[in-house]
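# Descriptive analysis of the structure
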Amino acid sequence: LIASHKACALTVPSSITVNFVFDKPKSTTPYYTKSTSFTIENNENKTVNYVITWISPSGISVSVSPDSGTLSPYESKTIDEDVRVSSRVSEGTYYVDLTVSGDGSYNVRLIINVEHTVKLKVDKTSLDFGEVDVSEGKVVRLTISEILGYKDVTVSITKIRGKDWISAPSTVTASAGSSET
């Protein structure tokens, strides 16, 4: 999503949104990268030199190319951005303010949304107790795992059918990247 504003000679976007969905295992994915671009446009009959500067928050790196240049009268130039987010960055929204300095100062707000996902693994699709002697108990274990490593997952357990002597906890929580039996 790109919105724009015009001031003095240059037109630049006022904001650019980049969305990240962390959907690969954290242990094997050190970072996520996306590329985007925006356009700087010179709206006047004069040459404008520009420089783009920014400060990235921890765990996020932004590179802009070209980060400086000259625009002839009425010329437009595409600016490429590469955004790299560490898989250790918390879920949420982050901001990087790009300042385009030319015949004036223009701000382009880069909005970076990070969403963590979960992936559940269950070692069995059903539990079979087989023959059970009434005088003896039998324990059947079910293991659930959250395998991406970003957030905990809680599973609700419901007995669909069976005798009253069958019992299980109503919920089980597996911490991010771990298993629970």
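In case you missed it, the structure is sitting above this.
Let me begin by describing the structure that accompanies this report. Keep in mind that what you see is a predicted model, and the values were worked out from it rather than measured. (Residues numbered from 1 in each chain as written. Predicted model: local features only at pLDDT ≥ 70, side-chain atom pairs only at ≥ 80, totals over all residues. Heavy atoms only, no water.)

All right, on to the overall build of the protein chain then. A count of helical and extended segments in the protein chain gives zero helices and 14 strands. When the helices and strands of the protein chain are placed in sequence order, the string is β-β-β-β-β-β-β-β-β-β-β-β-β-β. For the protein chain, the C-alpha radius of gyration of 27 Å lies well beyond 16 Å, the compact-globule estimate for 181 residues. Each of the three principal axes of the protein chain carries a C-alpha extent, and together these read 95 × 25 × 20 Å. In the protein chain, buried positions account for 29% of the 181 residues. Put simply, of all contacts in the protein chain between residues at least 6 apart along the chain, 63% involve residues at least 24 apart. Accessible surface for the protein chain amounts to roughly 11,000 Å². Of this, 47% is attributable to carbon and sulfur atoms. Of note, the protein chain has its 18 positive side-chain charges centred 4 Å away from the centre of its 21 negative side-chain charges. (Helix = DSSP H or I, 4+ residues; strand = E, 2+ residues; numbered from the N terminus. Rg over C-alpha atoms; globule rule 2.2 N^0.38 Å. Buried < 20%, exposed > 50% of the residue type's maximum accessible area, 1.4 Å probe, protein only. Contact = heavy atoms within 4.5 Å. Areas by Shrake-Rupley, 256 points an atom, 1.4 Å probe, with all protein chains shown as cover. Lys, Arg positive; Asp, Glu negative; His and termini not counted. Charge placed at Lys NZ, Arg CZ, Asp CG, Glu CD.)

Bringing the pattern of salt bridges into the picture now. Following the criterion strictly, the structure yields five salt bridges and no others. The closest approach of N and O atoms between E44 and K46, which form a salt bridge, is 3.9 Å. A residue is classified by how much of its surface remains accessible, and E44, at 30% relative accessible area, is partly exposed. Salt-bridge contacts for D103 lead to K46; the nearest nitrogen and oxygen are separated by 3.9 Å. Residue D103 is located in the loop between β8 (92–101) and β9 (105–116), and its partner K46 is located in the loop between β3 (31–42) and β4 (48–53); the two are separated by 57 residues in the primary sequence. By relative accessible area, which is 29% here, D103 ends up partly exposed. (Salt bridge = Lys/Arg side-chain N within 4 Å of Asp/Glu carboxyl O.)

This structure, assessed with the given rule, holds two aromatic pairs. Through a chain of ring-to-ring contacts, the aromatic side chains of F22, Y32 and Y150 assemble into a single cluster. The ring of F20 has K34 lying over it, and the distance from NZ or CZ to the ring centre is 5.6 Å. Across the ring face of Y95, the terminal group of R109 is positioned such that the distance to the ring centre comes to 4.5 Å. (Phe/Tyr/Trp six-rings, centres within 6.5 Å; stacked < 30°, edge-to-face > 60°. Lys NZ or Arg CZ within 6 Å of the ring centre and 35° of its normal.)

Here we take up the nonpolar core. Core analysis: the biggest nonpolar cluster contains 32 residues, and I40, I52, V85, V100 and I112 have the highest contact counts within it. Mapped onto this core, the elements with two or more residues apiece are β2 (10–22), β3, β4, β5 (60–65), β7 (76–86), β8 and β9. Tallying contributions element by element places β2 first for this core, with six residues. Setting aside residues no more than four positions away along its own chain, V100 makes contact with L10, V12, I40, Y50, V51, I52, S105, Y106 and V108. Grouped together as the second largest cluster of nonpolar side chains are five residues, I144, V153, V155 and V172 included. (Core = buried A, V, L, I, M, F, W, Y, C linked by side-chain atoms within 4.5 Å.)

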